[in-house]
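What follows is the residue order along each chain.
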Amino acid sequence: MVEFTAADLAVEDQYKLMSGAIIPRPIALTVTLGSDGPNAAPFSFFNCIGVSPPMFMIACSPKTGPKSGGSSGEVKDTIANLRHHPEMVVHIVDYELRNRMNACALDYDSGVNELEIAGFNIAPSKLVTPPRITDCRVALESKLIDIHEMGDLPYYVIFGEVVHFHMDDDVVNDRLHVDPGALDALGRMAGNGGYTKITDKFTMPFLHPPGSAPPEEAVAKAQEIAKTDRSG
Ligand SMILES: Cc1cc2nc3c(=O)[nH]c(=O)nc-3n(C[C@H](O)[C@H](O)[C@H](O)COP(=O)(O)O)c2cc1C
């Protein structure tokens, strides 16, 4: 095993290890509204953080990016827009939309409408003002909870609350189970151009329902099965 103390690493090396090891990451194609109109940008430092209400986080580096080692204090358009208008629509990106998503990631001047450049179709949202992309199989109309500045660069961590869900008919069933095959969500890996598709789904049973201490038999079963893994 090689080891690194984070404080000894250059910013770009921290980025390589974080974005290379914490994979795959979902991609939030995020539409916000600026004074010149809508803006769209993909973010993979993104995840669900809880329900009641449904909440997520997205982390934005400064405009100069995480590899610059220092910030000019300029923020990306997504952050500037959210400060001005605290609503957004987050879309889950699937394989068939990968190139259009990628077209939204260029460092355009603020005021450039990435949705037009990428050729996305849009429709008015129901509970928020930014439009939603109708090509995406999942669109999450959301309100900003807060933006936390964290770290030395700093990172701007967006906390959002989903207020309205748009789910493609093929993606969700009557019991609100989402079909990962139909969603075909794209995963972000490290480096230039690293992505993955979710094609190797497998299942593992809950050995004991969550919410209460497991009985001895469940622990014994868990240990027996754990031994079949590598180094077990
Ligand atoms: C797949 C993908 C994932 C990205 N993830 C992030 C991210 O998590 N955080 C970030 O700051 N930039 C990320 N970027 C870069 C932004 O999309 C890019 O800086 C974009 O121009 C920001 O747009 P804006 O200035 O309109 O907000 C990502 C780019 C791609 C293609």
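Residues numbered from 1 in each chain as written. Predicted model: local features only at pLDDT ≥ 70, side-chain atom pairs only at ≥ 80, totals over all residues.

(A) Spatial organisation of the overall build of the protein. Broken down by element type, the protein carries 6 helices and 11 strands. Overall, the protein is about 60 × 50 × 30 Å in size when its C-alpha atoms are taken along their principal axes. Across the 232 residues that make up the protein, the buried fraction comes to 26%. In the protein, of all internal contacts separated by at least 6 residues, the share reaching a separation of at least 24 is 57%. (Helix = DSSP H or I, 4+ residues; strand = E, 2+ residues; numbered from the N terminus. Buried ≥ 20, exposed ≤ 12 C-beta atoms within 10 Å, placed from the backbone. Contact = placed C-beta atoms within 7 Å.)

(B) Structural context of the site of the ligand. Surveying the vicinity of the ligand reveals 17 residues, the closest of which are Ala-41, Phe-45, Lys-76, Asp-77 and Thr-78. Of all the secondary structure elements, the ones that give two or more residues to the shell around the ligand are strand 2 (37-43), strand 4 (55-60) and helix 2 (77-84). No other element matches strand 2, which puts 4 residues into the shell around the ligand. A breakdown of the residues in the shell around the ligand according to their chemical character gives 8 nonpolar, 5 polar and 4 charged. (Near = placed C-beta within 6 Å. Nonpolar A, V, L, I, M, F, W, Y, C, P; charged D, E, K, R; others polar.)

(C) View of the sheet that holds strand 8 (residues 138-150). Pairing within the open sheet is antiparallel, and its 7 strands lie in the order 2-1-5-8-9-4-3. The open sheet has two edge strands, strand 2 and strand 3 (46-50), and neither has a second partner. Here the strands of the sheet are splayed against their neighbours by 35 degrees on average, with no regard to which way each runs. Two strands pair when backbone bridges link them, and strand 3 and strand 4 are joined in this way by 4 bridges, in the antiparallel orientation. Residue pairing in the sheet places Gly-50 in a bridge with Met-55 of strand 4. Contacting strand 1 (28-34), strand 2, strand 4, strand 5 (87-92), strand 8 and strand 9 (155-167), helix 2 runs over the sheet at an angle of about 50 degrees to strand 1. (Pairing = 2+ DSSP bridges. Axes fitted to C-alpha atoms, helices over the stretch in contact; angles between N-to-C directions.)

(D) Region of interest: the pairing of strand 8. Direction of pairing for strand 5 relative to strand 8: antiparallel, over a ladder of 6 bridges. Bridged to Val-89 within strand 8 is Glu-141. Pairing geometry for strand 8 and strand 9, over 12 bridges, is antiparallel. Note on strand 9: the bridge partner recorded for His-148 is Val-157. Taking the residues that link successive antiparallel strands as the turn, the strand 8-strand 9 hairpin has 4 residues, and the phi of Gly-151 there is positive, at about 85 degrees.

(E) Region of interest: the nonpolar core. One finds Ile-27, Ala-28, Leu-29, Ile-58, Val-89, Val-93 and Ile-133 to be the most contacted residues of the largest nonpolar core, which totals 33 residues. Sorting the residues of this core by element identifies strand 1, strand 2, strand 4, helix 2, strand 5, helix 4 (114-118), strand 8 and strand 9 as the ones contributing at least two each. Among the elements that take part in this core, strand 5 stands out by supplying 4 residues, more than any other. Apart from the residues within four sequence positions on either side, Ile-133 is in contact with Leu-29, Val-31, His-91, Leu-115, Phe-120, Asn-121, Ile-122 and Ala-139. (Core = buried A, V, L, I, M, F, W, Y, C linked by C-beta atoms within 7 Å.)

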